[in-house]
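Reading the structure
Here is what each chain is made of, one letter per residue.
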Amino acid sequence: MPGRWILLFILLWQPLAVSAADNIYLKELVEQARQKNLAQRPEWLNLLHYKPYPYRPGMRSLADDPAFFNSPHGKTDAAAELESTLAVFFSTAEETDKTQNPQCRFIARYHWLKKELHFDPARLREQSCKRFDQWHAALDPYQITLVFPAAYLNNPASMYGHTLLRIDGKGQDERTRLLAYSISYAANTDETSGLVFAVRGLFGGYPGLFAITPYYIKVREYTDIENRDVWEYQLTLTPREIDRLLMHVWELGPIRFDYYFFDENCAYHLLSLLEVARPGLELTDRFRWWAIPSDTVRAVAEQPGLVKRVVYRPATATIIRRRLADMDDRQSGLSRGLAERKVSSTDDRLHGLPVAEQARVLELAYDYATYRSASGRDTTTTAQMHELLLARSRLEVPPQRPEVPVPVVRPDEGHKTSRLALGVGSRGGRRFEEINLRPTYHDLMDDDGGYTRGAQIEFFNMKWRHYRGDDSLHLEEFTPLNIVSLSPRDDFFTPVSWKVNVGWTRKHFSDNDEPLIFRAGGGSGLAFNMPGSHEGNSVYYGFLEAELDAGKQFDRNYAMGMGPALGWLTNISDRWRINLYARSLRYGLGDAHNARELTLEQRYSLNRQSALHLGLHRKQEFQDYRNAAEISLQYYY
Amino acid sequence: MLNKKLIVVALVMAFPVGVMAAGAAAPDASGGCGVGSKLFENQRGVAPQVLAMTTNGMLGQIFAVSSGTSGCSQDGVVKSNWKTSMFIDGNKTKLARDMSTGSGETLESLAKLIGIQDQHKAAFFQATKDNFSRIFASDNLTTDQVVASLKQVLAADSVLAQYTQSI
């Protein structure tokens, strides 16, 4: 070992007393490890978070923190790291509140190497790890649960969902689960700008750290404040596997992994913990390019015998909707009045109701007031909320909280997140074939079982087309980003719908001139449930949209316009959905012109992973009107 | 090379301090753990929604593993003597809601923390509901006030009096 690194060890873990006798045993252990080729075993590589490079052969550790390695070459040389790790295990440094003996600091490695090399306690003394033992005892682990807060409508960056692990203690049950601890992998930042976060996050601009948090804080964050339904997948890890996982979490303590929004994100790193816990699980291999939390949940659910049970925890808003479904308009109106301070808790209209109904009205009013204040509309003061609770506590009836039915399709059971479509069509009398590849994730027309209804998020959607008689396939459309949030409003919930998209598309200047142009568009609007429909089964909407087209074919190289869009998105049956919309844009700036469009889209699901899609369009750009129709077979993978 | 080593050492040394500052749970003047401090203040408005997107980025809520002692936690887990008050502090509004109906997971969890035996749970739930106006006498109580009044309510009950010291 080079002398300067010994200096580092002395700095970090003084005193490092390596006697001559230890050295002999160390040599023996190193020799044994080499013979058994331990450094290339998956268990060891997992402990070091070694992963193949995406672009070239070879492996390196994803950990970006030198403190995680005992060898200066630890990030790329697993054997050197193993041998240096064996060396530091001879340290007799006492544990303090700030420092640990290497055997404790790298406790998962220690126990694995001890088992593989049969450490002789007389020659390599085992150190006690009091801090780890206390920590382990406080967690009192019984079970590990993978927690998936689903997407949260109207918040683009959460549309992917999120994952964390939960350590369930002995003696906890579903009613006392708040007392568990969660393990999450988080970008360590106080960046409050979503855009800055997203951009820097793409390029590993933040340090990521594993953290442990009381679960009640996470529940507050997700189900109460953000209104995300949470899915809890209880895993079948054995006590031994759980210990391995916890030892490794301990080892990861303050270790920094650069956070990458797409691939090395929360979901990816949590899977790697499960791989350490249960050797032989191969969960992260398929996520070399990106890891979507719902896909990682699917990866776990697909492992035979890994999931024991799934529990659904509805968000506050979901509970409110359920309460509303059980009430008549007069009662819900009263609840709203109470929450909005228009009705007093001593009002006769309330006291005229049977006691159980009074309780229901008050409970809903309180939940709704909580929801309102969490979303920033603090028209209800805490004093008034307190009034509601006081009034409720005086009613001698059992709680009226409704049972929220568990959604039929779980997040791991929905359609897969990549989609390939092959289609044929005709436009302006010319026939064409088309390939559409959407790497991720979900659009308004896809079956939304397991997804959040009304949340569309697509990345890098690509479409190639070949017209009959042409020699070649050409790029018809490339849309790196396309997000739509369509959230119906009602008396209780008043969200604004919006959309944003950026990409390249073909613009029809004339029959022989259809160049690829750059387009950035967006809009905001309102959506409503059709009378009589519920839960977003049938929604009509209106947007005000703006679009910027740019390309050298335009006069002055651009055209910018705006105009209205109206539409109706409805399910005809469980399998059959249609979206009918019309848009009219007046491009008033740059190359002035008009664009109009009338479209009917239909999707019919053949099964969960395939569907037929039919599109009928009538479009005007500049002067010409053209009709188009296409049919495609979509396959999710 | 030496610079890099110094950075490593500095990181290792600085980290627990950073976490303490971030957690806003540093020991307060009375030697406690700062329960009632900013950490659990009711979040509202647009800021939490924007933060929500980072979901992964709520610095204020990171408890680092194996980072040593900070005010209320040891290596990331809440010290046992702070468990109950920290729980009440972090769940005050939900606890109030649960007590108003005498049911719910927040109240169940509190009962578990206090160590209420199964046969006394119903009595405990009923007592919190009946005495809601005493336990939550107003809308802006400190955690200490809630704990004190809850103790009084338990002390006044012949069966539940045995749990007074467990809070």
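Residues numbered from 1 in each chain as written. Chains lettered and ligands numbered in written order. Predicted model: local features only at pLDDT ≥ 70, side-chain atom pairs only at ≥ 80, totals over all residues.

Re the overall build of chain B
- Looking only at helices and strands, chain B features 8 helices and 2 strands.
- Expressed as a percentage of its 167 residues, the buried residues of chain B come to 46%.
- Of the contacts made within chain B by residues no fewer than 6 positions apart, 52% connect residues no fewer than 24 positions apart. (Helix = DSSP H or I, 4+ residues; strand = E, 2+ residues; numbered from the N terminus. Buried ≥ 20, exposed ≤ 12 C-beta atoms within 10 Å, placed from the backbone. Contact = placed C-beta atoms within 7 Å.)

Some thoughts on the nonpolar core
- Counting residues in each nonpolar core, the largest one holds 142 residues, and the members touching the most others are Ile107, Leu245, Val249, Ala365 and Leu388 of chain A.
- At 10 residues, helix 16 (residues 355–374) of chain A tops the list of elements feeding residues into this core.
- Setting aside anything within four residues of it in sequence, one finds Val249 of chain A in contact with Ile183, Phe210 and Leu273 of chain A together with Val65 of chain B.
- Counting residues in hydrophobic clusters, the runner-up holds 8 residues, among them Leu444, Val484, Ala527 and Val539 of chain A. (Core = buried A, V, L, I, M, F, W, Y, C linked by C-beta atoms within 7 Å.)

Some remarks on the environment of Leu146 of chain A
Residues and elements named next belong to chain A.
- Mapped onto the elements of the fold, Leu146 is located in strand 3 (residues 141–149).
- Among the residues examined, Leu146 registers 25 C-beta atoms within 10 Å and is labelled buried.
- Considered as a pair, Leu146 and Trp231 are 85 residues apart in the sequence and their alpha carbons are 8.3 Å apart.
- Leu146 has contacts with Thr163, Leu165, Tyr233, Leu235, Val297 and Val300, leaving out every residue within four places of it along the chain.

Here we look at the confidence of the model for chain A
All names here are of chain A.
- The predicted model of chain A has a mean per-residue pLDDT of 88, with 91% of residues at 70 or higher.
- Least confident of the elements in chain A is helix 1 (residues 3–12), whose mean pLDDT is 48; most confident is helix 6 (residues 107–117), at 97.
- Within the model, the stretch residues 6–17 combines pLDDT values under 50 with 19 contacts to residues more than four positions away or in other chains. (pLDDT = per-residue confidence, 0-100.)

Some remarks on the domain arrangement of chain A
- Each assigned domain of chain A is listed with its residue range as follows: domain 1 (3–128), domain 2 (137–313), domain 3 (327–393) and domain 4 (416–636).
- Between the C-alpha centres of domain 3 of chain A and domain 4 of chain A the distance comes to 42 Å. (Domains from an automatic or database assignment.)

So, the confidence of the model for chain B
Residue and element names in this part refer to chain B.
- Residue-level pLDDT values for chain B average 69, and 61% of them are 70 or greater.
- Per-residue pLDDT stays below 50 along residues 1–32; that stretch engages in 50 contacts with residues further than four places along the chain or on separate chains.
- Across residues 35–62, where pLDDT falls below 50, the model places 76 contacts with residues more than four positions away in sequence or in other chains.
- Confidence metrics for the complex model read pTM 0.86 and ipTM 0.86.

Points about the packing of helix 10 (residues 239–252) of chain A against helix 11 (residues 266–277) of chain A
Residues and elements named next belong to chain A.
- It is the contact of helix 10 with helix 11, at a shortest axis distance of 8 Å, that shows an interaxial angle of 130°. Viewed along their axes, helix 10 and helix 11 adopt a mutual orientation that is oblique. Taken as a pair, helix 10 and helix 11 cross one another with a handedness that is right-handed. Residues Glu241, Ile242, Arg244, Leu245, His248 and Val249 of helix 10 form the contact with helix 11, whose participating residues are Leu273, Val276 and Ala277.
- Residues belonging to the contact of helix 10 with helix 11 are distributed by class as follows: 6 nonpolar, 1 polar and 2 charged. (Axes fitted to C-alpha atoms, helices over the stretch in contact; angles between N-to-C directions. Parallel < 35°, antiparallel > 145°, perpendicular 65-115°, else oblique. Left-handed = near helix turned anticlockwise from the far one by under 90°. Nonpolar A, V, L, I, M, F, W, Y, C, P; charged D, E, K, R; others polar.)

Notes on helix 12 (residues 293–302) of chain A
All names here are of chain A.
- Counting buried residues in helix 12 gives 7 out of 10 residues, a clear majority hidden from the surface.
- Within helix 12, the full set of buried residues consists of Pro293, Ser294, Asp295, Thr296, Val297, Ala299 and Val300.
- For helix 12, the elements touching its buried residues are strand 3, strand 7 (230–235), helix 11 and strand 9 (307–313).

Some remarks on the environment of Leu113 of chain A
Residue and element names in this part refer to chain A.
- Looking at the secondary structure, you find Leu113 in helix 6.
- Classification of Leu113 as buried rests on a count of 24 C-beta atoms within 10 Å.
- For the pair Leu113 and Leu86, spaced 27 residues apart in sequence, the C-alpha separation works out to 8.2 Å.

Some details on helix 6 (residues 118–130) of chain B
- Counted at 1.5 Å a residue, the expected span for helix 6 of chain B with its 13 residues is 18 Å, and the 19 Å between its end C-alpha atoms agrees.
- Along helix 6 of chain B, the residues classified as buried are Phe124, Phe125, Ala127, Thr128 and Lys129 of chain B.
- Where the residues of helix 6 of chain B are buried, they touch helix 17 (382–393) of chain A together with helix 4 (92–101), helix 5 (105–114), helix 7 (132–135) and helix 8 (143–155) of chain B. (Expected span 1.5 Å × (residues − 1).)

Side note on unusual backbone geometry
Residue and element names in this part refer to chain A.
- Positive phi outside glycine occurs at His49, with the angle close to 60°.
- Among the structural elements, His49 can be located in the loop between helix 3 (42–47) and strand 1 (50–52).
- A tally of 23 C-beta atoms within 10 Å means that His49 is categorised as buried.
- Although it is not a glycine, Phe622 adopts a positive phi angle of roughly 55°.
- By the element assignment, Phe622 lies in the loop between strand 22 (610–621) and strand 23 (624–636).
- For Phe622, a count of 14 C-beta atoms within 10 Å corresponds to the partly exposed category.

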